[in-house]
Amino acid sequence: MSTPQLILKQRAELLAVLCGGGSAEPLDCVLDLLLAWEVLVWEDYLSIQVAEKALSYKVRQLLDVVYDKGEDACSLLLAALNQVLPEEQKTGLCFGEQCAVVGKNRPDTATLTLLADRPVLVRKLRDNIDGALDVLLTTGCFTIKDCDVVQLPVYTPSQQVRRLLDQVRFTGETAAKTLLQYLEQTETSRPNPEDKENHLSANCMLYQKKLRSSVAAQSHSLNTYGGTGHFSLDDIYTDGLLEVMDGSGETTTLGLEDVVGPLGTLNDDADTFLVSGEAGSGKSTLLQRLHLLWAREALLQNIFLLFPFSCRKLNAEHRELSLKELLFLHCCWPDRGQDEVFQFILDHPNLVLFTFDGLDEFKQGFTDEERHCCPTKQVPVPVLLFNLLQGTLMKGVVKVVTSRPQAVGPSLKRYLHKEVLLKGFSPGGIDCFVKKHHSDPAMARRVLESLHANSVLLSLCHIPVFCWIVTKCHQELLGSQDGIPQTITDVYLLVLQHFFQRKSYQHQGVLGKAWLEEHLNTVLKLGQLALEGLEASCYVFSGYELQRIGLTDQDVSMGFLTYCSDLSVTDCKRYEFLHITLQCFFAALYVVLNRNRYRSAIYRLFQPKYKQLAGLSQRCLEPCFDSSVEGMESRVTETPNLQITAQFVSGLLSQRHHNLLLECCPTAMRERKAKQVVKSLSKCMQRHFKSIPRPLEGEKKSMHAMPSFVWLIKCIYEMQDSSIAQDTMAKLDVEHLKLTYCNIGPVECTALAYVLKYLRNPVGLQLDNNSVGDVGAEQLLPCLHICHSLYLRNNNISDEGIRKLLEKGMKCERFQKIALFNNNLTDACTQHFAWLLKSKQNFLSLRLGNNNITSQGAEQLAEGLSYNQSLQFLGLWGNKIGDRGAEALADALKNSTTLIWLSLVDNGVGSAGACALAKIISQSKSLEELWLNKNCISREGVECLIEALKVNTSVKEIWLRGNNLSPGEEEELSKQESRLTF
């Protein structure tokens, strides 16, 4: 293969290796060599190195320029790449036959020498740029302005050298001679460069060793119960479900090692990787695992230095810091050679990784308005953080950020390399976690039996923090006389009881029935701390703040607060709640149980905007809502913590907990607050319903719900009052309810089914692109009778989830359509669909695209289709049914009088399958469209279809793009039959 063909064939791979690290250094080194070898002239170089263009543009421009120059130029480009790229990046690349670089005569001018020796000069000048600029300045070759242009902080040292060489060439022969003479003098006077290289390497290696040790120590244990219990992360860590979405909307499951990999890339020029997930989904633990594996050299082996940061702790940093101070003060201080280590970081951004945990807990919302690119200048921490994330500062450093999805707005998404979704535990993950948590297999078995016996509780356990609570509180769970927990509030009351019970055991006591009343004082003080923390977006508290509220050492010893070490503050202890959701729970307890203050707090929890400014109750919730009131800074940040708090308030005011709260809160006050919640929920729902647009003529009335609608549904579910759900749904009049991309998991499915089952009229429920899973599908069963259509595309549902869904669906008269594109379905599910098709003679649409159904599954499906006289739409695209499956389907459908649309795209169907499908065309009076793109159909198969079309006028189109046909054959066949689309 010729070298131009090699470059063309490997274009995507070459683009990936030259852009993959985010650093321009590999491209710059290749350009240096090509200039020195005279492959490129200066005009070529300028056309590639366009200042305002992205790195990917420059690489593409280089490949185009060299490709146009022919065989020799392409050979030399491959030789340059082979010389520049590290060994691990060469894997899978072919560089052709090694081309010897023809020696040229030495240039006769100094300016040409700068080009011919450019690669060597870059290396020599990197450590001597200040001296070179001084010489050029004192000799009058350079002005101060010239020096400033070269030394812009945004450039790495290597880039500064290249700017210097370019500026010298532009200035002329005298400047070039001066620079070369200076280098000759320094070569003779300076010590052996290998000594300095070894010295720098020793300092960096020493720092790396210390940093690895520090990160390993911080990541080794998973703290629980305020430090009274420690789990080795190795013993307890369980993988969560990680997914990434491509540009077409399809999702792919990832492993931990793929978080910073190329799969799912959105923006090649960005270097910030976002791991997003709801509260309690395991983001911090995942990051901790990533840190530990790096420290052990088991993961991220191409990363030399990893710097972990907590946004929660950065909130407490009020000083202005430089990048150097941020790294060394907040992570790890070098014992020696601080300047050299920092210079190494600046010079090699592609070898460095920063992690920022909990961006949603950072007080200030992301903004890219204030630019900062100087690594040595002190600025406020938010400015430093935001410029790191957008790449203005330390471009090329990989940044991994965790956050709840609501906190990541469009302005930040522009700077994301990719977004990874963490969706909690899979069903197998729950079992694994429980077994790891209990060393006694018998106890683990009892807990798992209890979970699997109650699908509601099992659905809660898909969120790791809830699974942890349920697992730790197994004694209360197994011995509960109040029934199995049904809501999130039930689960957190369980953990509250567990902590107080544990303390009672330590004092040889037993927790009484009035356990909440007995500990009311502690609960109220913790609640006040929690709510005031939410008020100020504060999640870390000093000992002084605890004393101000009156929290004693005995209160702290209950275990709800845990001591957290802040590396930048050593003179006082700092505390945080075990989890942010626990802080929200205590805030809710305070709102419900406090008799004197925050009377309007409930009302304001459900309001999108302020209407008043006076009073502490308004101020406590002030930072969490957008306000247009004059004199107050407008904020548009999302309010996930306040929404969680509102859920807990709704649950605590449920009639289920009347007896528990009886002595803690007067009945009249509790009922007044409950009515306030119901009224607020009703008003919020009315706002949603009023926003539903009127349908166009011939269209169904549809409501595209937002995540806030799901939150309100969850609040109604927490109250466990069917009359509230019934009244709410009585006001909703739509034919189609769309809830796509709303982070709906099993917990949300439970709440949706509880409320939607009271709809008065049948509805199409669209839940595409969520995290429903098998357990979520089971949780939807109570509302299946009101659904005429169910859309569950891309939801990680397997055969077992479908089995339970269809068993119920067969009994629901109104259930007529289902769409399950891109799930985990196999041939095992098709027998259930066959039963459905046999038993329901009003079923209209079945779409099973992009699953794992083979010819065997198609044959089972065909058995059900042969008995069905109602199906209109059948979609099986993206499976593997082949000719055998197509023949079975064709035989089952040949007498169908209802089928309108059939898709077998990308199924490995050949001409034999096409000829079998031609029988449907020749006999059907209803079929209008047949989709056969991306198969293996040859001319013989298409001719069978043409013959069948001669006797059928109802078929409008047959799609045949991407089959085994030449362009000439496609043109000829399309002339024979215009209804064929190639």
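Right above here is the structure, for reference.
The structure presented is a predicted model; accordingly, all values stated were derived computationally and were not measured.

J.: Before we go on, may I ask you to explain the packing of helix α38 (residues 707–719) against helix α40 (residues 746–756) in this structure?
T.: Packing of α38 against α40 brings their axes to within 9 Å, and their N-to-C directions diverge by 75 degrees. Looking at the two axes, α38 sits roughly perpendicular to α40. For the pair α38 and α40, the contacting residues are Val710, Ile713, Lys714, Ile716 and Tyr717 in the first and Glu748, Thr750, Ala751, Leu752, Tyr754 and Val755 in the second. Residue classes in the contact of α38 with α40 are distributed as 8 nonpolar, 1 polar and 2 charged.

J.: Teacher, can you tell me more about the pairing of strand β17 (residues 763–766) here?
T.: The side chains of a regular strand alternate, first on one face of the sheet and then on the other. Residues Val763 and Leu765 of β17 are buried on one face, and the alternating residues Gly764 and Gln766, pointing to the opposite face, are buried as well. As paired elements, β17 and strand β18 (residues 787–791) share 4 bridges and run parallel to each other. Each residue of the ladder has a partner; that of Val763, found in β18, is Cys787. Note that the unit made of β17, helix α41 (residues 773–779) and β18 has a crossover that is right-handed.

J.: Could you clarify how one ought to interpret the environment of Thr830 in this entry?
T.: For Thr830, the location among the structural elements is in helix α43 (residues 830–839). Residue classification places Thr830 among the buried residues on the basis of a relative accessible area of 0%. C-alpha of Thr830 to C-alpha of Ala862: the two residues are 32 residues apart in sequence and 9.2 Å apart in space. Each residue touching Thr830, except ones within four places of it in the same chain, is listed here: Ile853, Gly857, Gln860 and Leu861.

J.: Any chance you could explain the sheet that holds strand β14 (residues 574–577) here in plain terms?
T.: Whether parallel or antiparallel, the strands of a sheet pair through hydrogen bonds between backbone atoms. Strand order in the open sheet formed by 3 strands is β12-β14-β13, and the pairing between neighbours is antiparallel. Whereas interior strands pair on both sides, the edge strands pair on one side only; in this sheet they are β12 (541–542) and β13 (561–564). Sheet topology note: the β12/β14 ladder contains 2 bridges and is antiparallel. Bridging across to β14, Ser542 finds its partner in Arg574. Across the sheet, helix α29 (residues 520–535) touches β12, β13 and β14, and the angle it forms with β14 is around 90 degrees.

J.: Which parts of the structure should I look at to understand the packing of aromatic side chains?
T.: Each aromatic ring pair is specified by the distance between its two centres and by the angle formed by the two planes. For the structure on display, the rule yields 30 aromatic pairs. Centre to centre, the rings of Phe309 and Phe354 are 6.2 Å apart; their planes meet at 90 degrees, and the pair counts as edge-to-face. In this pair, Phe309 sits in strand β6 (residues 305–310) while Phe354 sits in strand β8 (residues 352–357), placing the two residues 45 residues apart along the sequence. Taking the relative accessible area as the measure of exposure, Phe309 reaches 5% and is therefore buried. Among the residues examined, Phe354 registers a relative accessible area of 0% and is labelled buried. Summarising the aromatic geometry, the rings of Phe328 and Trp333 are spaced 5.9 Å apart at their centres and angled 80 degrees between planes, so their arrangement reads as edge-to-face. On the basis of relative accessibility, which here comes to 2%, the residue Phe328 falls in the buried class. According to the relative accessible area criterion, Trp333 is partly exposed, its value standing at 43%. Taken together through their ring pairs, the aromatic side chains of Phe466, Tyr492, Phe499, Phe500, Trp515, Phe541, Phe560, Phe577, Phe585, Phe586 and Phe648 make up a single cluster. Seen from the ring of Trp42, Arg169 lies directly overhead, with NZ or CZ sitting 4.5 Å from the centre. Cation over ring: Arg212 sits above Trp294, and NZ or CZ is 4.3 Å from the ring centre.

Procedures and definitions
Residues numbered from 1 in each chain as written. Predicted model: local features only at pLDDT ≥ 70, side-chain atom pairs only at ≥ 80, totals over all residues. Heavy atoms only, no water. Axes fitted to C-alpha atoms, helices over the stretch in contact; angles between N-to-C directions. Helix = DSSP H or I, 4+ residues; strand = E, 2+ residues; numbered from the N terminus. Parallel < 35°, antiparallel > 145°, perpendicular 65-115°, else oblique. Contact = heavy atoms within 4.5 Å. Nonpolar A, V, L, I, M, F, W, Y, C, P; charged D, E, K, R; others polar. Buried < 20%, exposed > 50% of the residue type's maximum accessible area, 1.4 Å probe, protein only. Pairing = 2+ DSSP bridges. Right-handed = clockwise from strand over helix to strand, strands pointing away. Phe/Tyr/Trp six-rings, centres within 6.5 Å; stacked < 30°, edge-to-face > 60°. Lys NZ or Arg CZ within 6 Å of the ring centre and 35° of its normal.

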